[in-house]
Amino acid sequence: MIIPRRYLLRTFGLTAIGTQLLPIAQSNILPKSPTPILPRRLQLGDTVALINPAAFAYEKEVKPFLKSAELLGLKIKLGEHFYDRYGYLAGKDADRAADVNNAFADSSVQAIFTGMGGWGCGRILPLLDYNIIRNNPKIIIGFSDVTALLLAIYTKTNLVTFHGPLGVSSWSSFTVDYLKKVLFEGDAVTCQNPQKMDIETIREGKARGKLIGGNLSVISTMIGSGYLPDWQNNILFVEEVSEEVYRIDRMLTQLKLAGILDQISGFIFGQCTKCDPETPKESLTLTQVLSDRIRPLKIPAWYGSAIGHIRDKFTLPIGQEVEIDARYGTIRLLEPAVN
């Protein structure tokens, strides 16, 4: 992941949270629940917090989200530090972490949306109060760099989190439709690409497991951190933006060397936006890299799912059981992801 692409990640926005919590010592984290914790579904009239745990966002970038939220019948509560700025970050680490902790602790907030990706979530993971998060389960959604936040929360608490649009995202009808089905209606939905978006099957077959994943470069940098979940017999999905093919190769190889790829039961590569090599004649294709790295695993796998830095995207539950079909490129939730 390269710094300029933070300008590609813009997607969601919300209003101010009053409570203030100090950073917490991780030694006080209680054991996580042995079973997945499902957050409460969204309802008309709910208040959702909009926070910025990573890069900063401009006010104009979140206006489309504010309009979409209003159409969905949601009220917005902006994080206290949402428009803060510290270099490329949306404020100091302690302040960004406080907005996360406060949003979970705030009883007037029913769900949490994130404004921007870019970089910064990894810096605040040790400052989060995972006991407060576990004891106040709520929907939290985002993608790109927010991958670190979603995976850490799921790993430490077993709260199902959601890979989906940011405040600065394009809120297309396809994107909003899947968000409503998963988060409002609680459907055990089958996610399938729009007709205009083809897939490439790497290896046919079906597989079941908990759905785990997000941005590939974020996941690769989290290896060894203690903030990644168990991968055994789970489904891994990844996506990328603005990365050369050799870098994709390097990151997938890192996942292989770390033993992650040998544990999973299925693999989905979403979209790799702006990943064309600068010198194609001197590069492998992404298809070749995926064939080299994934086909030998002999698990169901495909490339091209509606996941990533694209206009039309799914809302996917991290930590929930799904069944995938690599021939058709479908992801079927086996049960609702919200209560």
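What counts as what
- Residues numbered from 1 in each chain as written.
- Predicted model: local features only at pLDDT ≥ 70, side-chain atom pairs only at ≥ 80, totals over all residues.
- Heavy atoms only, no water.
- Disulfide = S-S within 2.5 Å.
- Buried < 20%, exposed > 50% of the residue type's maximum accessible area, 1.4 Å probe, protein only.
- Phe/Tyr/Trp six-rings, centres within 6.5 Å; stacked < 30°, edge-to-face > 60°.
- Helix = DSSP H or I, 4+ residues; strand = E, 2+ residues; numbered from the N terminus.
- Lys NZ or Arg CZ within 6 Å of the ring centre and 35° of its normal.
- pLDDT = per-residue confidence, 0-100.
- Contact = heavy atoms within 4.5 Å.
- Pairing = 2+ DSSP bridges.
- Axes fitted to C-alpha atoms, helices over the stretch in contact; angles between N-to-C directions.
- Salt bridge = Lys/Arg side-chain N within 4 Å of Asp/Glu carboxyl O.
- Arc of directions from axis to C-beta.

### Some details on the state of the cysteines
Two cysteines, two sulfur atoms, one covalent bond between them: this is a disulfide. For the coordinates displayed, the defined rule picks out 1 disulfide. The partner cysteine of Cys272 in its disulfide is Cys275, sulfur to sulfur 2.2 Å. In this structure the cystine formed by Cys272 and Cys275 twists about its S-S bond by roughly -85°; its chirality is therefore left-handed. The same class applies to Cys272 as to Cys275, namely buried.

### Quick notes on the packing of aromatic side chains
Within this structure, the stated rule accounts for 10 aromatic pairs. Both rings, one in Phe65 and one in Phe113, keep their centres 5.5 Å apart while their planes meet at 40°; by these two values the pair is tilted. Placement of the pair is Phe65 in helix α1 (residues 63–71) and Phe113 in strand β3 (residues 111–114), with a sequence separation of 48 residues. Given the relative accessible area of 1%, Phe65 is considered buried. Its relative accessible area of 1% is what places Phe113 among the buried residues. Three or more aromatic residues joined by ring pairs make a cluster, and in this case those are Phe65, Phe113 and Trp171. In this arrangement the basic side chain of Lys92 is found over the ring face of Tyr86, its NZ or CZ atom lying 4.9 Å from the centre. Lys181 extends its terminal NZ or CZ atom over the ring of Tyr178, reaching a point 5.4 Å from the ring centre.

### Remarks on the confidence of the model for the protein
Per-residue pLDDT for the protein averages 92, and the proportion of residues at 70 or more is 90%. When the elements of the protein are averaged for pLDDT, α1 gives the smallest value, 91, and strand β5 (residues 161–163) the largest, 99. Note that pLDDT drops below 50 for residues 1–27; the model gives that stretch 124 contacts with residues more than four away or on any other chain.

### A word on the sheet that holds strand β11 (residues 301–303)
Pairing in this open sheet of 8 strands is mixed, and the strands run β6-β14-β13-β8-β9-β10-β11-β7 from one edge to the other. The open sheet has two free edges, formed respectively by β6 (190–191) and β7 (200–203), since each of these has just one partner strand. Two elements, strand β13 (residues 321–325) and strand β14 (residues 330–333), share 4 bridges in a ladder whose sense is antiparallel. Following the sheet pairing, Asp325 is matched in β14 by Thr330.

### With respect to the sheet that holds strand β12 (residues 316–318)
If you trace the 6 strands from one edge of the open sheet to the other, you get β2-β1-β3-β4-β5-β12, paired in mixed fashion. Bordering the open sheet on either side are β2 (75–78) and β12, each of which pairs with just one other strand. Taken pair by pair, the neighbouring strands of this sheet meet at an average axis angle of 30°, ignoring direction. Helix α2 (residues 93–105) contacts β1 (47–51), β3 and β4 (139–142) of the sheet and is inclined by roughly 170° relative to β1.

### Remarks on the pattern of salt bridges
Overall, the coordinates contain 10 salt bridges when judged by the stated rule. A salt bridge links Asp93 to Arg96, with the nearest nitrogen and oxygen atoms 2.9 Å apart. Here Asp93 pairs with Arg96, and both are found in helix α2, just 3 residues apart, close to one helical turn. We classify Arg96 as buried; its relative accessible area is 1%. With a closest N to O distance of 3.5 Å, Arg247 and Glu243 form a salt bridge. Salt bridges sharing partners connect three or more residues here, namely Asp93, Arg96 and Arg123.

### Comments concerning α1
Residues of α1 that are buried include every one of Phe65, Ser68 and Ala69, and no others. Considered in projection along α1, the buried side chains sweep an arc of 100° and stay on one side of the axis. In α1, those exposed residues whose orientation departs by more than 90 degrees from the buried face are Lys67, Glu70 and Leu71. Buried positions along α1 lie against β1, β2 and β3. Just downstream of α1 lies Gly73, where phi reads positive at about 80°.

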